[in-house]
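# Notes for the structure review
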Amino acid sequence: MKIPVKRTIHYYISKYPTAEKGLLLWVNEFSKFSFTNFNEIKNIYGNASIINNNRVIFNIKGNEFKLIVSINFIQQACYVIWFGTPSEYDKINAGTIDFDIDIQNFKMKGL
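One structure accompanies this document, and this report is about it.

Conventions adopted
Residues numbered from 1 in each chain as written. Predicted model: local features only at pLDDT ≥ 70, side-chain atom pairs only at ≥ 80, totals over all residues. Heavy atoms only, no water. Helix = DSSP H or I, 4+ residues; strand = E, 2+ residues; numbered from the N terminus. Rg over C-alpha atoms; globule rule 2.2 N^0.38 Å. Salt bridge = Lys/Arg side-chain N within 4 Å of Asp/Glu carboxyl O. Buried < 20%, exposed > 50% of the residue type's maximum accessible area, 1.4 Å probe, protein only. Contact = heavy atoms within 4.5 Å. Core = buried A, V, L, I, M, F, W, Y, C linked by side-chain atoms within 4.5 Å. Pairing = 2+ DSSP bridges. Axes fitted to C-alpha atoms, helices over the stretch in contact; angles between N-to-C directions. Parallel < 35°, antiparallel > 145°, perpendicular 65-115°, else oblique. Left-handed = near helix turned anticlockwise from the far one by under 90°. Nonpolar A, V, L, I, M, F, W, Y, C, P; charged D, E, K, R; others polar.

## Structural notes on the overall build of the chain
Helices and strands together make up the secondary structure of the chain, namely 4 helices and 4 strands. Helices and strands appear in the chain in the N-to-C order α-α-α-β-β-β-β-α. Expected size for 111 residues packed as a compact globule is a radius of gyration near 13 Å; at 13 Å, the chain falls within 12% of this value. Projected onto its principal axes, the C-alpha positions of the chain cover 35 × 30 × 25 Å.

Structural data, given as structure tokens:
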């Protein structure tokens with residue numbers, strides 16, 4: 001499964017430095033799989049929550065953080081929509097929250 005926008009991952013690592021190891025671990029692991037449906041994701045990630053709009057919520061770093069992604073099975077692509085703490089997560093609607101446009105202005109180191 002491709003995670004095409006690495007800038008998004010680096011943005012959230014800069015915003016939540018203590019999440020770096022857990023988030024990169026998830027990225028490296030998830031990108032090795034090829035899923036064809038949500039049941040296959042649940043078989044690997046039992047704590048994942050499947051919600052509307054092809055979105056999946058993952059617990060990162062022992063549930064210290066929540067990650068919302070959108071999955072396109074045909075393209076084998078996973079798009080990061082949102083990342084934050086459980087208390088921040090409680091304040092959003094996971095099914096409708098938009099991609100954070102601040103990421104577009106984020107400058108990755110070395111670019």
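## A few points about the pattern of salt bridges
Inspection of the entire model under this criterion finds 1 salt bridge. Here Lys61 and Glu64 are joined by a salt bridge, their closest N and O atoms 3.7 Å apart. Exposure remark for Glu64: the relative accessible area of 41% places this residue in the partly exposed category.

## Some remarks on the environment of Ile103
Following the sequence through the fold, Ile103 ends up in the segment after α4 (86-89). Note: C-alpha distance between Ile103 and Phe65 (38 residues apart in sequence) is 18 Å. The contacts of Ile103, once residues within four sequence positions are left out, are Arg7, Thr8, Tyr11 and Tyr12.

## Describing the nonpolar core
One finds Trp26, Phe30 and Phe58 to be the most contacted residues of the largest nonpolar core, which totals 29 residues. If we skip the residues at most four places from it in the chain, Phe58 touches Trp26, Phe30, Ile41, Tyr45, Ala48, Phe65, Lys66, Leu67 and Val69. Membership of the second largest hydrophobic core comes to 7 residues, among which are Ile68, Ile81, Trp82 and Tyr89.

## Side note on the pairing of strand β4 (residues 77-84)
The side chains of a regular strand alternate, first on one face of the sheet and then on the other. Burial runs high along β4: 7 of the 8 residues are buried. Pairing of strand β3 (residues 65-72) with β4, which is carried by 7 bridges, proceeds in the antiparallel orientation. The residue bridging Ser70 from the neighbouring strand is Tyr79, located in β4. Taking the residues that link successive antiparallel strands as the turn, the β3-β4 hairpin has 4 residues, and the phi of Gln76 there is positive, at about 55°.

## With respect to the packing of helix α1 (residues 6-15) against helix α2 (residues 20-30)
As a packed pair, α1 and α2 sit with axes 9 Å apart at the nearest point and diverge in direction by 160°. What the angle tells us is that α1 and α2 run roughly antiparallel. For the element pair α1 and α2, the recorded crossing hand is right-handed. Every residue of α2 that contacts α1 at Lys6, Ile9, Tyr12 and Ile13 is listed here: Glu20, Leu23, Leu24 and Val27. Its residues assigned to classes, the contact of α1 with α2 comprises 6 nonpolar, no polar and 2 charged.

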